[in-house]
Amino acid sequence: MNDIRSNYNVGAIFRTCDGAGVSKVYLAGVTPAPQDRFGRKVAEISKTALGAEDFIPWEKVDDILILIKRLQSEGVKVVAVELYADAVSLHDFELPDSVAYILGSETDGLSEEILEIVDQVLEIPMHGKKESLNVSVSAGIVLYHAG
């Protein structure tokens, strides 16, 4: 997760990650962590995660670009979930053996800089008038499509 501002969205994504069997969650940019700097639980995250934040290993990183390069060097395919000209539709996506999905800001999505260095950009086809979904809903669709 990169620059996700809502504690509730972060908690919902943790809960979905637990259900989908995700092995680790990375929190980058302004994305809040399940614990504040004093080690106290963040109430809004705990409320929507329902304890999943206690079971899923997570890591707070300052620079998403460094994380992307690190994961790629470890053989992980990094896939951004975003509306983008070169994006592959979720219907046509072939799941790699090892994958990390990047979800971005609720309002701004992911930066061009991120989209240029990931291995692939994936988009969820939209059929209505709105062109995007809530980030936690998108996480659920992508994670359960993969599983």
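Below is a short write-up of the structure.

## Some words on the packing of aromatic side chains
So, point 1. Here the structure, examined in full by the defined rule, presents one aromatic pair.
So, point 2. Taking 6.3 Å as the distance between ring centres and 55° as the angle between the ring planes, the aromatic pair formed by Phe-93 and Tyr-101 counts as tilted. Residue Phe-93 shares its accessibility class with Tyr-101, and that shared class is buried.

## As for a negative patch on the surface
So, point 1. A surface patch of negative charge is lined by Asp-62, Asp-63, Glu-112, Glu-113 and Glu-116.
So, point 2. Tracing the chain through its elements places Glu-112 in helix H4 (residues 112-117).
So, point 3. On the basis of relative accessible area, Glu-112 is assigned to the partly exposed category, the value being 43%.

## Points about the pattern of salt bridges
Two side chains of opposite charge can pair, provided their charged atoms sit close to one another.
So, point 1. On inspection of all chains with the given rule, the structure shows six salt bridges.
So, point 2. Here Asp-36 ties to Arg-40 by a salt bridge, and the two come within 2.8 Å at their closest N and O atoms.
So, point 3. Several salt bridges converge on common partners, so that one network encompasses Lys-24, Glu-59, Arg-70 and Glu-74.

## Side note on the nonpolar core
So, point 1. Core analysis: the biggest nonpolar cluster contains 26 residues, and Met-1, Ile-13, Phe-14 and Tyr-101 have the highest contact counts within it.
So, point 2. Looking at this core, the elements that each hand over two or more residues are helix H1 (7-20), strand S1 (25-28), helix H2 (43-49), strand S3 (77-81) and helix H5 (135-146).
So, point 3. For Phe-14, the contacting residues outside a window of four places in its chain are Met-1, Val-25, Leu-27, Pro-34, Ala-49, Ala-52, Glu-53, Ile-56 and Trp-58.
So, point 4. With 19 residues, the next largest nonpolar core counts Leu-71, Ala-100, Leu-110 and Leu-115 among its residues.

Here is what the cut-offs are and how they apply
Residues numbered from 1 in each chain as written. Predicted model: local features only at pLDDT ≥ 70, side-chain atom pairs only at ≥ 80, totals over all residues. Heavy atoms only, no water. Phe/Tyr/Trp six-rings, centres within 6.5 Å; stacked < 30°, edge-to-face > 60°. Buried < 20%, exposed > 50% of the residue type's maximum accessible area, 1.4 Å probe, protein only. Patch = residues over 30% accessible without salt bridge, like charges linked within 9 Å, V, L, I, M, F, W, Y side chains within 5 Å. Areas by Shrake-Rupley, 256 points an atom, 1.4 Å probe, with all protein chains shown as cover. Salt bridge = Lys/Arg side-chain N within 4 Å of Asp/Glu carboxyl O. Lys, Arg positive; Asp, Glu negative; His and termini not counted. Charge placed at Lys NZ, Arg CZ, Asp CG, Glu CD. Helix = DSSP H or I, 4+ residues; strand = E, 2+ residues; numbered from the N terminus. Core = buried A, V, L, I, M, F, W, Y, C linked by side-chain atoms within 4.5 Å. Contact = heavy atoms within 4.5 Å.

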